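# Structure at a glance
Each chain, letter by letter, is given below.
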Amino acid sequence: MLRTIILLLFPLFTTAQDSLFLNSESGTSFEDLPCQIGTQIKFSKSGTINALKFYKTESGSTTYTLSLLNSAGIKIFATSYKNTATGWQRVLVNIPIEAGTYTLAVNNPGRYSYKKTVFPRTKGSITGMFGAFRYLETSSWTLNSTTYFVDAVISYPAIVPLSVSAVPFIPTTFPIPC
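Here's a quick rundown of the structure. Because the structure is predicted, anything quoted here is derived from the model rather than measured.

Cut-off values and rules
- Residues numbered from 1 in each chain as written.
- Predicted model: local features only at pLDDT ≥ 70, side-chain atom pairs only at ≥ 80, totals over all residues.
- Heavy atoms only, no water.
- Core = buried A, V, L, I, M, F, W, Y, C linked by side-chain atoms within 4.5 Å.
- Buried < 20%, exposed > 50% of the residue type's maximum accessible area, 1.4 Å probe, protein only.
- Helix = DSSP H or I, 4+ residues; strand = E, 2+ residues; numbered from the N terminus.
- Contact = heavy atoms within 4.5 Å.
- Salt bridge = Lys/Arg side-chain N within 4 Å of Asp/Glu carboxyl O.

## A short note on the nonpolar core
As a rule of thumb, nonpolar side chains are buried together in soluble globular proteins. Counting residues in hydrophobic clusters, the biggest one holds 32 residues, and the most contacted among them are Ile37, Phe43, Ile49 and Ile97. Of all the secondary-structure elements, those providing two or more residues to this core are β4 (35–43), β5 (47–56), β6 (63–69), β8 (87–97), β9 (100–108), β10 (111–114), β12 (126–134) and β14 (150–160). Residues within four places of Ile97 in sequence aside, it is in contact with Phe43, Ser46, Gly47, Ile49, Leu68, Tyr102 and Ile154.

## Structural notes on unusual backbone geometry
Unusually for a residue other than glycine, Phe149 sits at a positive phi of about 60 degrees. If you trace the backbone, Phe149 turns up in the loop between β13 (142–144) and β14.

## Examining the pattern of salt bridges
Tallied over the full model, the rule gives two salt bridges. The salt bridge involving Arg121 is made with Glu25; its shortest N-O contact spans 2.7 Å. Taken as a pair, Arg121 in strand β11 (residues 121–123) and Glu25 in the loop between β2 (12–18) and β3 (29–32) lie far apart in primary sequence, 96 residues in all. Under the relative-accessibility criterion, Glu25 is labelled buried at 16%. Measuring nitrogen to oxygen at the nearest pair gives 3.7 Å for the salt bridge that ties Asp151 to Lys53. Of this pair, Asp151 sits in strand β14 while Lys53 sits in strand β5, and the two are 98 residues apart along the sequence. Overall, Lys53 belongs to the buried group, its relative accessible area being 3%.

As structure tokens, this is what we get:
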């Protein structure tokens, strides 16, 4: 008699990460203007922001302030960063967030790069909705389709699907020692 055994493999919990921009991406236009630039971003899943990123166009030891604002425009996180290198700057953080809309911002004391008409843009659980720009922290944000290359890396639990398979079972008898 042939019997079937069903093997159940339990789900595997792992972590997935999303980010809007690749490290090879940067702006094609430049502006010399002290201001605050950012990205209005929508997270479709709750998770943890592991890093805040921005593209730095000039060398020098200027201090930058990176901020995370909620949908009401209230600052819920801020950190300072200083580095002499140019290119993508990555600041490691650990910020638990709920799904929703936020603004990622960096106080830019001088030159910044941008690219016109990039938004909206979706990568995984992140949608970049608008570029955000303002001259002073006290002024209101101007939202547009321009990207100013301010980004986040978010991680969230991911579940590998449950697998079910059937394997034929052939019964055998084994002598039982006395």
